[in-house]
Amino acid sequence: MKIAIITGSTREARKSLEIAQWVKELADARGDATYEVVDTAAFNLPVWDSPTSPAWGPSDDPAATAWSEKINEFDGYVFVVAEYNHSLTGSLKNALDYLYTELNNKAAGFVGYGSAGGARAIEHLRGILSEQQVAHVRAAAGLSLFHDFENFSTFAPTDGAPGQVLGMLDQLVVWTKAMAAVRAGEFATEKKAA
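Structure report, in brief. Remember, it's a predicted structure, so these values are computed and weren't measured experimentally. (Residues numbered from 1 in each chain as written. Predicted model: local features only at pLDDT ≥ 70, side-chain atom pairs only at ≥ 80, totals over all residues. Heavy atoms only, no water.)

## Concerning the pattern of salt bridges
Alright, step 1. According to the stated counting rule, one finds 11 salt bridges in the structure shown.
Alright, step 2. In this structure, K70 engages E36 in a salt bridge whose closest nitrogen and oxygen atoms are separated by 2.9 Å. Of this pair, K70 sits in helix α2 (residues 62–72) while E36 sits in strand β2 (residues 34–38); the two residues are 34 residues apart in sequence, bridging distant segments of the chain.
Alright, step 3. Taking relative accessible area as the criterion, E36 reaches 25% and is therefore assigned partly exposed.
Alright, step 4. Note that R126 is salt-bridged to E123, the shortest N-O span being 3.2 Å. Taken as a pair, R126 and E123 lie in helix α4 (residues 119–131) at a separation of 3 residues, close to a single helical turn.
Alright, step 5. The exposure class assigned to E123 is partly exposed, which follows from its relative accessible area of 49%.
Alright, step 6. Through salt bridges with shared partners, a single ionic network connects K2, E36, K70 and E73. (Salt bridge = Lys/Arg side-chain N within 4 Å of Asp/Glu carboxyl O. Helix = DSSP H or I, 4+ residues; strand = E, 2+ residues; numbered from the N terminus. Buried < 20%, exposed > 50% of the residue type's maximum accessible area, 1.4 Å probe, protein only.)

## Observations regarding the layout of surface pockets
Alright, step 1. Here the largest pocket defines a volume of roughly 170 Å³.
Alright, step 2. Class assignment for the residues of the lining of the largest pocket results in 7 nonpolar, 2 polar and 4 charged. (1 Å grid on protein atoms, 1.4 Å probe; cavity = no way out; pocket = protein on both sides within 12 Å on 5 of 7 lines; lining within 4 Å. Points joined across faces, edges and corners; volume = space filled by probe spheres on them. Nonpolar A, V, L, I, M, F, W, Y, C, P; charged D, E, K, R; others polar.)

## Let's talk about the packing of helix α3 (residues 90–97) against α4
Alright, step 1. Closest axis-to-axis distance for the α3/α4 pair is 11 Å, and the angle between their directions is 5°. The orientation of α3 with respect to α4, classified from their angle, is roughly parallel. Residues L92, K93 and L96 of α3 touch α4, and the partners they reach there are L125, I128 and L129.
Alright, step 2. Broken down by class, the residue content of the contact of α3 with α4 amounts to 5 nonpolar, no polar and 1 charged. (Axes fitted to C-alpha atoms, helices over the stretch in contact; angles between N-to-C directions. Parallel < 35°, antiparallel > 145°, perpendicular 65-115°, else oblique. Contact = heavy atoms within 4.5 Å.)

## Describing empty space enclosed by the protein
Alright, step 1. Enumeration according to the criterion identifies 1 cavity of 30 Å³ or more in this entry.
Alright, step 2. The space that makes up the largest cavity amounts to roughly 40 Å³.
Alright, step 3. W48, S50, T52, S53, P54, G57, P58, S59 and Y98 together form the lining of the largest cavity.

## A word on the packing of aromatic side chains
Alright, step 1. Evaluation of the coordinates by the stated rule reveals 8 aromatic pairs.
Alright, step 2. Here the aromatic rings of F79 and F110 are separated by 6.4 Å at their centres, their planes lie at 25°, and the arrangement is stacked. Of this pair, F79 sits in strand β3 (residues 76–82) while F110 sits in strand β4 (residues 106–114), and the two are 31 residues apart along the sequence. Here F79 matches F110 in class, with each residue buried.
Alright, step 3. Here the aromatic residues W22, Y113, F149 and F155 are joined through ring pairs into a cluster of three or more.
Alright, step 4. Lying over the aromatic face of F74, K2 brings its terminal NZ or CZ to 5.0 Å of the ring centre. (Phe/Tyr/Trp six-rings, centres within 6.5 Å; stacked < 30°, edge-to-face > 60°. Lys NZ or Arg CZ within 6 Å of the ring centre and 35° of its normal.)

## Section: the sheet that holds β2
Alright, step 1. The 5 strands are arranged β2-β1-β3-β4-β5 in an open sheet whose pairing can be described as parallel. The open sheet has two edge strands, β2 and β5 (134–144), and neither has a second partner. Direction aside, neighbouring strands of the sheet carry axes that sit 20° apart on average.
Alright, step 2. As judged from the 7 bridges shared by β3 and β4, these two strands associate in the parallel manner. Bridge assignment links F79 to a residue of β4, and that residue is F110.
Alright, step 3. Lying over the sheet, helix α1 (residues 16–28) contacts β1 (2–7), β2, β3, β4 and β5, oriented at roughly 175° with respect to β2. (Pairing = 2+ DSSP bridges.)

Set out below in structure tokens:
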């Protein structure tokens, strides 16, 4: 079982890569899956402008192809979600616009950060992932700029922060296994003749 920890910001001053690496350390100690940080900034995705939806076919852009192939490797995802203007970042939304089948019937969890712990960004991301047929878990970690960052800039998680991440991972691992069974057709319905 492979789970990606995806950064949600690409700007130079971002904290998402540092947080993703911290999440990976916590996750690796569990020994229940293979975890990998996937940095959206490494893919240099242009603004999505494909003539057709990714639900109908992949983009022919080389960066998009590399992104699609990387995301398709995983069974589940942890999104490290920065909150900008009460929502997720434009770069994360753009990266998700390139995907569809790669995410179908997989599971996701969230680690948000911002003035309200990234809660509003996570809620917006839940709607996007629902359209992409991703089962997202209820538990989420919320890192506050007021408590988990010194001077609003240096990441210094409080004592309770790891527990939030581990609680989310508890749910995510179970749902990732369940969605693997869905993808394998274990719950396929039979069509009845009329």
